[in-house]
Every structure is written in structure tokens, then in C-alpha cells.
Amino acid sequence: MPAVMIFLKRRPGLSHAEFRAYYEDHHVPLCLRYMAGPRRYVRHYLEPGPDGEEGPFDVITELTFDSLAMRDAVLDALRRDAMPADVIADERNLFDRSRSRAVAIDSVETALPPRMAPDGAKPGHE
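Residues numbered from 1 in each chain as written. Predicted model: local features only at pLDDT ≥ 70, side-chain atom pairs only at ≥ 80, totals over all residues. Heavy atoms only, no water.

S.K.: Summarise the packing of aromatic side chains; cite the residues concerned and give the values.
M.R.: All chains considered together, the criterion is met by six aromatic pairs. With a centroid separation of 5.4 Å and 50° between ring planes, the pair formed by F7 and F57 is classed as tilted. Placement of F7 in strand β1 (residues 2-8) and of F57 in the loop between β2 (40-45) and β3 (59-64) is noted, with a sequence separation of 50 residues between them. Of the residues examined, F7 reaches a relative accessible area of 22% and is grouped as partly exposed. (Phe/Tyr/Trp six-rings, centres within 6.5 Å; stacked < 30°, edge-to-face > 60°. Helix = DSSP H or I, 4+ residues; strand = E, 2+ residues; numbered from the N terminus. Buried < 20%, exposed > 50% of the residue type's maximum accessible area, 1.4 Å probe, protein only.)

S.K.: Now, about the side chain of H27: what can you tell me, with residues and values included?
M.R.: Inspection of the secondary structure puts H27 in helix α1 (residues 16-32). Residue classification places H27 among the buried residues on the basis of a relative accessible area of 2%.

S.K.: Pulling in residues and values, what's your account of the pattern of salt bridges?
M.R.: By the definition in use, this model includes eleven salt bridges. In this structure, R10 engages D58 in a salt bridge whose closest nitrogen and oxygen atoms are separated by 2.7 Å. Note that R10 is positioned in the loop between β1 and α1 and D58 in the loop between β2 and β3, a separation of 48 residues in sequence. The exposure class of R10 is buried, given its relative accessible area of 12%. The closest approach of N and O atoms between D66 and R39, which form a salt bridge, is 2.5 Å. Of this pair, D66 sits in the loop between β3 and α2 (68-79) while R39 sits in the loop between α1 and β2; the two residues are 27 residues apart in sequence, bridging distant segments of the chain. Residues joined by salt bridges that share partners form a network here, namely K9, R10, E54 and D58. (Salt bridge = Lys/Arg side-chain N within 4 Å of Asp/Glu carboxyl O.)

S.K.: Let's hear about the sheet that holds β3: which residues, and what values?
M.R.: Read from one edge of the open sheet, four strands run β2-β3-β1-β4, paired in antiparallel fashion. Of all strands in the sheet, those bounded by a partner on one side alone are β2 and β4 (101-106). Within this sheet the neighbouring strands show an average axis-to-axis angle of 20°, counted without direction. With six bridges connecting them, β2 and β3 associate as antiparallel partners. Looking at the pairing, V42 lines up with E62 of β3. Here α1 sits on the sheet in contact with β1, β2 and β3, set at roughly 165° to β2. (Pairing = 2+ DSSP bridges. Axes fitted to C-alpha atoms, helices over the stretch in contact; angles between N-to-C directions. Contact = heavy atoms within 4.5 Å.)

S.K.: For the nonpolar core, give the residues involved together with the corresponding values.
M.R.: The biggest cluster of nonpolar side chains holds 19 residues, and the ones touching the most others in it are F19 and Y23. Contributions of two or more residues to this core are made by β1, α1, β2, β3 and α3 (85-94). The element best represented in this core is α1, accounting for five residues. Ignoring anything within four residues of it in the chain, the contact list for F19 reads R10, L14, Y45, D58, V59, L94 and F95. (Core = buried A, V, L, I, M, F, W, Y, C linked by side-chain atoms within 4.5 Å.)

S.K.: Requested: an account of unusual backbone geometry, with residues and values cited.
M.R.: Of note, the phi angle at D81 is positive, near 60°, even though the residue is not glycine. Along the polypeptide, D81 turns up in the loop between α2 and α3. Classification of D81 as partly exposed rests on a relative accessible area of 33%.

Limitation: the analysis is restricted to geometry and does not speak to function.
What follows is the structure, given as C-alpha cells:
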């Protein structure tokens, strides 16, 4: 299924908790007002390492589409910064926009065999 991954870094001065709360409680509802193309809108929050080390991004946002044409149109709009003015203004409250990156992806999923219970029995069999 065609998708876009958007790699985002929080604005300096925001804690991880503040960032996540603002994204979920304010930015997501704002974006939903404009979303007509994506089938799925998922946020993958990156956890800091055990020593508090941070990665280059704080969240990877995944948008999944029914068609390549829709995915490519959204990706083009993101890359040209052709989003509604209120979304861009809100992003300035939330993200370090200079570090934002968006890429097209094509996923391949492997079906995994059923997990075995610790005693070797298949789940659901007693």
C-alpha cells in the first residue's frame, strides 16, 4: 500500500510529554480538517535511549493511501510546503521544521507463523 513517512523533530524547549500532548490534542484535530486522501494516519513516537540519548527525530508520521497518485500528490504538497496556512503556523509551535523530512515508501509485510506457547503447545490448544 502506498505510503508517506514524515520524520519530525520537536521544537526546542518542548519536553517529550509536551510535544506528544500538543501533537495528539491539537495538531491531529487540526490536520483532520483537511485530510481527504489518506486511509490511515499513524504516529510512531521514538523513545529516548536508556541514557536519555535522543535520535534525530521524535516522531515518524505515517500516511497510507489507496493510490500512488494520491500519495504522490500529498508528498509533493509536503515538499513544496503547500499546506494550509493554519497547519504551517501550528507546525511552528510544534516542530523544528528545518529538520522535517518526507519520503515515499513501499512496504512489504511478511506473514509470521503462529507463536508457540512456552510449553510448546500452539496458542488456543489445551
